[in-house]
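Close look at the chain arrangement
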Amino acid sequence: MKNLEQEQAEQKIKSLREKIREHEYNYFVLDDPRISDAEFDQLMQQLIKLESEFPSLVTSDSPTQRVGGEVLDEFEKVEHSTTMLSLDNAFNPADLREFDQRIQKNLTGQTYQYVVEHKIDGLSAVMRYDQGSFQLGATRGNGEIGEDISKNMKTIRSLPLKISDQASFELRGEIYLSKSEFARINKARLANDEATFANPRNAAAGSIRQLDSKIAANRNLSILVYDLISHSEKEFKTHLEVFAYLKNQGFKVNWHQSAENIEQVIKICQQWHEKREELDFEIDGLVIKLNNLADRQKLGATARSPRWAIAYKFPAQQKTTKIKDIEISVGRTGALTPTAVLEPVELAGSTVSRATLHNEDEIERKDIRIGDTALVQKAGDVIPEVVKIIKAERTGKEHQFIMPEHCPVCGSKVIRPEDEAVTRCTNISCPAQRKEGILHFVSRNAMNIDGIGPALVEQLLSNNLIEDYADLYFLKVSHLADLERMGQKSSQNVITAIKDSKDREFFRVLYALGIRHVGIGAARILADNFTSIAELESTSVEKLVEIAEIGPVIAESIVGFFQERHNQDLICRLKQAGIKLARKAEQSDKFLAGYKFVFTGSLENFTRSEVKDLVEKAGGRAVSSVSSQTDFLVSGKNPGSKYKQATELGVEILTEAEFEKLLAKEKTVTKK
Ligand code: AMP
Ligand code: ZN
């Protein structure tokens, strides 16, 4: 072998790779191995040996790249080409029929078909292929920005690293762990005295976010693909065509069945209530999608989810178990929340050992006592809860729960306002509140600061390095490096992540502040109506409630927040730290005034009338044909002849993503 010429080696490597790919496909996609594991290993060993003799012939899509090895310091951020949205939920046939009514209304007089798929309870991922080779895999992250998990995704054996179609495209799917792999991993962890994973989904999440891809490789993750986002060569008319294509290219595609109408959909959903137990992976429902892709375009999406799809969630599962104790935790707003500590039970794919009891009234209303036997339920991601107490099981040894008079964390007196159900710790500098407030501030939808978890926040607080989230921005590497379990390198990473968060979008900053009742949705609305914190600070309850989506409770809470001296000080220090406390780019609202736009091709995220509206709202004009007067041509998928005209006339051409940036004022415009 040693003397093989480069050329011969190339031939041999090529043929080995082809063989290995075929066997991988048979084994991991078709579940139908044609050779023994030993024979397979032998082929792999030959390839590894040859590649090590001829390192210049190693390619990123070689099967040898699946074993992992390189240890990363952190995951790079990836901007998604198209926002990864959520799905609307349906919980019963009535919800599904309502969804169908909306579709019918939007597609007047047209016939349409649905495709029903498994809703796999895993993690969504997006994959890019470049000329037939796997290029990039990323997590969903906050929908706009995810993390580059390419190295770990390569270890997923059912995911082809090379396909025959030399095209460039982007697709989505769900990464998951089979039930049997989950059981195997937990068994091994138990034997090693390691904490077990609560459910396959957590185990999959923990595995795909391993910085050491060797660990990920040992977890035997799987993937099922279910959507094509773009394709450089082909035009597809229906979702079924997409599935056929992907399957043909060697992808493991999600189970799917077409349905002619909503009643058929309902029947399929009901069939899966029980059948799902037979699968070797967890599904938490089914996803119903419109089959016709042009119809999807027509329907578009809301800010949260596409209008052409819905997730049907299976009904909650219930079981009885014992309430061993009732514990109190203190949240971000100082609320004391009772939690039932349960005898662990298996429910909806995970081990449940705690259930929320919400508040004192709830405990009273359901007459919950420590030692009781309770019926608990869990649905999908929802926090488990106590449905009712099985009174017949009472022995007389149960005892009443009494709300403490002092905060279990700081010892301050707690109060419960007469008209509220919630008991609160009154100490604004209660460490529990601070900790939760900081964790909220760094969370993904807020400032999205990586590397700061509960353990580090606790350390920072107890070492008096910070008192609140504004203090994060004044931390130095040397402060962190002295802490336990925090080397120089990871300290540097945390400081960089903190610094990187300074220019988050305005609505995220608003959300991060932790104003009671201001969730991410309300924060977006506020950011649309106020250009800066300064403007919001000086507003009134009356002004706020004029905004359609803002009710009096939110309004009072906002005004109250800015009146508090401690909060004014927080904002002051955020400003000092250089956080953007205003909308980006100080352009006027008519920032597209005088600009003419032409659109060609199909856009992913907007209908034509939507883009027209958006452009006009910003003072611009959308016209139908390209001329020398045109400022921008926005080119979607499969552009028409306008593209050529624009090129010839030297009109600036924007992709849909660039157009969105322009709308978000993240890209500036200058008149030619
Ligand atoms: P949700 O997070 O409940 O809003 O639901 C959206 C998520 O469902 C997506 O981000 C995917 O991770 C997941 N999902 C699972 N199976 C499918 C499927 N067949 N089609 C689309 N999304 C799916
Ligand atoms: Zn307290």
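Within each chain, residue numbers correspond to sequence positions counted from 1 in written order. In the order they appear in the text, chains get letters beginning with A and ligands get numbers beginning with 1. In keeping with the predicted nature of the model, local features appear solely for residues at pLDDT of at least 70, side-chain atom pairs appear and are counted solely at 80 or more, and the whole-chain, interface and lining totals rest on all residues. Hydrogens are left out, water is left out, and the side-chain values use all remaining heavy atoms of the structure.

**Examining the packing of helix H20 (residues 552-563) against helix H21 (residues 565-577)**
To define axes, lines are fitted to C-alpha atoms, for helices over the stretch in contact only, and angles between the resulting N-to-C directions are given on a 0 to 180 degree scale. Helix and strand definitions follow DSSP, with helices as H or I runs of at least four residues and strands as E runs of at least two, each counted in order from the N terminus. The contact between H20 and H21 brings their axes to 5 Å, and the two run at 75°. Relative to H21, the element H20 lies roughly perpendicular. Facing H20, whose interface residues are Phe 561, Phe 562 and Gln 563, H21 presents Arg 565, Asn 567, Gln 568 and Ile 571. Looking at the contact of H20 with H21 residue by residue, the class counts come to 3 nonpolar, 3 polar and 1 charged. Geometric relationships in this document are graded by angle, where less than 35 degrees denotes roughly parallel, more than 145 denotes roughly antiparallel, 65 to 115 denotes roughly perpendicular, and other angles denote oblique. Residues count as neighbours in contact if any of their non-hydrogen atoms are within 4.5 Å of one another. Three classes are used, and their members are as follows: Ala, Val, Leu, Ile, Met, Phe, Trp, Tyr, Cys and Pro are nonpolar, Asp, Glu, Lys and Arg are charged, and the others, Gly among them, are polar.

**Overview of the UniProt feature "binding site: Zn(2+)" (unreviewed entry) in the chain**
UniProt records the feature "binding site: Zn(2+)" (unreviewed entry) for Cys 407, Cys 410 and Cys 430 in the present numbering. With the annotated positions falling across 24 residues, the maximum pairwise C-alpha distance of 8.7 Å places them together in a single cluster. Relative accessibility under 20% of the residue-type maximum defines a buried residue, over 50% an exposed one, and the middle range a partly exposed one, all with a 1.4 Å probe and only protein chains included. We classify Cys 407 as buried; its relative accessible area is 4%. Residues contacting Cys 407, with those up to four places away along its chain left out, are Val 330, Ser 412, Val 414, Cys 425 and Cys 430. In this structure, Cys 410 is in contact with Cys 425, Asn 427, Cys 430 and Pro 431, ignoring residues within four places of it in sequence. UniProt positions are given in the numbering used here, feature names are shortened, and annotations may be inferred rather than shown by experiment.

**A word on helix H2 (residues 37-53)**
Quick reminder: α-helices carry 3.6 residues per turn. Residues three or four places apart thus point the same way. Expected span of a helix: the number of residues minus one, times 1.5 Å. Given a rise of 1.5 Å per residue, 17 residues ought to cover 24 Å, and the 24 Å separating the end C-alpha atoms of H2 matches this to within 8%. Of the residues making up H2, those classed as buried are Phe 40, Leu 43, Met 44, Leu 47, Leu 50 and Glu 51. The buried residues of H2 occupy one face: seen down the axis, they fall within an arc of 125°. Exposed residues lying more than 90 degrees from the buried face of H2 are Ala 38, Gln 42 and Ser 52. Contact partners of the buried residues in H2: helix H1 (6-29). Arc definition: directions from the helix axis to the C-beta atoms.

**Comments concerning the site of ligand 1**
Only a single heavy atom is needed: when it lies within 4 Å of a molecule or strand, its residue is near that molecule or strand. Around ligand 1 sit 14 residues, and of these Leu 87, Glu 117, Arg 140, Glu 174 and Lys 289 come closest. One nitrogen or oxygen atom from the side chain of Arg 140 is found 2.8 Å from an oxygen atom belonging to ligand 1. Polar contact criterion, stated in full: a pair of N or O atoms within 3.5 Å, where within protein one must be able to donate a hydrogen and the other to accept it, and residues adjacent in sequence count only if both atoms are side-chain atoms. At a separation of 2.9 Å, a nitrogen atom of ligand 1 approaches a polar side-chain atom of Lys 289. Working definition of accessibility: Shrake-Rupley area with a 1.4 Å probe, residue cover restricted to the visible protein chains. For ligand 1, whose accessible area on its own is 490 Å², the fraction buried by protein is 84%. Looking at the shell around ligand 1, the elements that each hand over two or more residues are strand S3 (114-120) and strand S10 (283-290). Within the shell around ligand 1, the residues separate by chemical class into 4 nonpolar, 4 polar and 6 charged.

**Remarks on the UniProt feature "active site" (unreviewed entry) in the chain**
Sites flagged by UniProt as "active site" (unreviewed entry) map to Lys 119. Along the polypeptide, Lys 119 turns up in strand S3. Given the relative accessible area of 19%, Lys 119 is considered buried. Sequence-distant contacts of Lys 119, that is, excluding residues within four places in its chain, are made with Leu 87, Glu 282, Ile 283, Asp 284, Gly 285, Leu 286, Val 287, Ala 311 and Lys 313.

**Focus: the sheet that holds strand S9 (residues 256-259)**
Strands are labelled as partners when DSSP assigns at least two bridges between them. In spatial order, the strands read S2-S11-S10-S3-S9; together these 5 strands make up an open sheet with mixed pairing. Here the strands that pair on one side only, and so sit at the sheet edges, are strand S2 (89-90) and S9. The strands that helix H3 (residues 93-106) touches are S2, S3, S10 and strand S11 (309-313); relative to S11, the one it contacts most, it runs at about 175°.

**Points about the coordination of the zinc ion (ligand 2)**
The rule for donors is simple: N, O or S, within 2.8 Å of the metal, or within 3.2 Å if the metal is Na, K or Ca. Water isn't counted, so a site may look like it is missing partners. Protein coordination at the zinc ion (ligand 2): the donors are Cys 407 (SG), Cys 410 (SG), Cys 425 (SG) and Cys 430 (SG), at 2.2 to 2.4 Å from the metal. Only four donors with every angle between 85 and 135 degrees are called tetrahedral; only four or six donors with opposite donors over 155 degrees apart and all others between 65 and 115 are called square planar or octahedral, in that order; all others are irregular. Because the angles between the 4 donor atoms bound to the zinc ion (ligand 2) fall within 98 to 118°, the donor set is best described as tetrahedral. Sequence spacing of the donors to the zinc ion (ligand 2): C-x2-C-x14-C-x4-C.

**A short note on the nonpolar core**
Put simply, buried Ala, Val, Leu, Ile, Met, Phe, Trp, Tyr and Cys residues joined by side-chain atoms within 4.5 Å make one nonpolar core. Counting residues in each nonpolar core, the largest one holds 59 residues, and the members touching the most others are Phe 441, Leu 472, Tyr 473, Leu 513 and Leu 544. Aside from chain neighbours lying at most four places away, what touches Leu 544 is Leu 526, Phe 530, Leu 536, Thr 539, Ile 550, Ala 555, Ile 558 and Val 559. One finds Ile 163, Phe 169, Leu 177 and Ile 208 within the second-largest nonpolar core, a separate group that totals 35 residues.

**Description of the pairing of strand S13 (residues 336-347)**
The pairing of strand S12 (residues 317-330) with S13 spans 7 bridges and is antiparallel. Looking at S13, one finds that Ile 326 is bridged to Ala 340. Hairpin connection of S12 to S13: 5 residues between the antiparallel strands, including Gly 334 at a positive phi of 85°. Between the antiparallel neighbours S13 and strand S14 (residues 350-356) lie 2 residues, among them Ala 348 with a positive phi of about 45°.

**Structural notes on helix H12 (residues 431-442)**
With 12 residues, H12 extends 17 Å between its outermost C-alpha atoms, agreeing within 8% with the 16 Å of an ideal straight helix rising 1.5 Å per residue. Of all 12 residues in H12, 9 are buried; the element is thus mostly enclosed. Every buried residue belonging to H12 is among Ala 432, Gln 433, Lys 435, Gly 437, Ile 438, Leu 439, His 440, Phe 441 and Val 442, and all of these are buried. Contacts made by the buried residues of H12 are with S12, strand S18 (424-425), helix H13 (454-462), helix H16 (506-512) and H21.

**Things to note about the side chain of Thr 423**
Within the secondary structure, Thr 423 sits in the loop between strand S17 (414-415) and S18. Residue classification places Thr 423 among the buried positions, given a relative accessible area of 4%. If we skip the residues at most four places from it in the chain, Thr 423 touches Gly 334, Ala 335, Leu 336, Glu 360, Met 403, Val 414, Ile 415 and Arg 416.

**A closer look at unusual backbone geometry**
Most peptide bonds take the trans form, and the phi angle of most residues other than glycine is negative. Even without being glycine, Gln 131 reaches a positive phi, approximately 45°. Inspection of the secondary structure assignment puts Gln 131 in the loop between strand S4 (123-130) and strand S5 (133-139). Even without a glycine there, the phi angle at Asn 638 is positive, about 50°. What makes Asn 638 partly exposed here is its relative accessible area of 41%.

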